[in-house]
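Coordinates in review
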Amino acid sequence: MILKLNLQSPYNLDGTPREDLPAGEVLAWDGKNYHIGFLRKDPKKWGDNESQVNCISVDNTVLYNVVRFAPLPTIIESNDLL
């Protein structure tokens, strides 16, 4: 199986986080490392009005300041389709 994913920026042109971020699992990249999880907007610093997009996985590890992401497709394995 080959999956082709289109990387997208989680930010608008003005640097603010996009409002239409996917709610499902994504493959996220911070410019150095990849991570699979869910995107969320967090303050850059505690109490800061500016936000950054982070990716949190099911085991609660966090990839900070995501620069690109790709929504992951849902793959359903079924013997009915064979």
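Provided above is the structure to which this section pertains.
Here is what the cut-offs are and how they apply
Residues numbered from 1 in each chain as written. Predicted model: local features only at pLDDT ≥ 70, side-chain atom pairs only at ≥ 80, totals over all residues. Heavy atoms only, no water. Helix = DSSP H or I, 4+ residues; strand = E, 2+ residues; numbered from the N terminus. Contact = heavy atoms within 4.5 Å. Areas by Shrake-Rupley, 256 points an atom, 1.4 Å probe, with all protein chains shown as cover. Buried < 20%, exposed > 50% of the residue type's maximum accessible area, 1.4 Å probe, protein only. Salt bridge = Lys/Arg side-chain N within 4 Å of Asp/Glu carboxyl O. Pairing = 2+ DSSP bridges.

**Notes on the overall build of the chain**
Helix and strand counts for the chain come out as 0 helices and 5 strands. For the chain, the α and β elements follow one another from N to C terminus as β-β-β-β-β. If one aligns the C-alpha atoms of the chain with their principal axes, the spans along those axes are about 55 × 30 × 25 Å. Contacts in the chain between residues at least 24 apart in sequence constitute 48% of all its contacts with a sequence separation of at least 6. Per element, the accessible surface of the chain, about 6,300 Å² overall, is 52% carbon and sulfur.

**Side note on the environment of Gly37**
By the element assignment, Gly37 lies in strand S2 (residues 34-43). The class for Gly37 is buried, based on a relative accessible area of 0%.

**Structural notes on the pattern of salt bridges**
Side chains that differ in charge, positive against negative, can pair when their charged atoms come close. Taken as a whole, this structure holds 3 salt bridges when the rule is applied. As a salt-bridge pair, Asp20 and Arg18 come within 2.8 Å of each other at their nearest N and O atoms. Here Asp20 falls in the exposed class, since its relative accessible area comes to 53%. Owing to a relative accessible area of 14%, Arg18 belongs among the buried residues under this scheme.

**Structural notes on the pairing of S2**
One ladder, built from 4 bridges, connects strand S1 (residues 26-29) with S2; its direction is antiparallel. Each residue of the ladder has a partner; that of Trp29, found in S2, is Tyr34. Hairpin connection from S1 to S2: 4 residues lie between these consecutive antiparallel strands, with Gly31 at a positive phi of about 100°. As paired strands, S2 and strand S3 (residues 51-56) are joined by 6 bridges and run antiparallel to one another. The partner of Lys41 across the bridge, within S3, is Val53.

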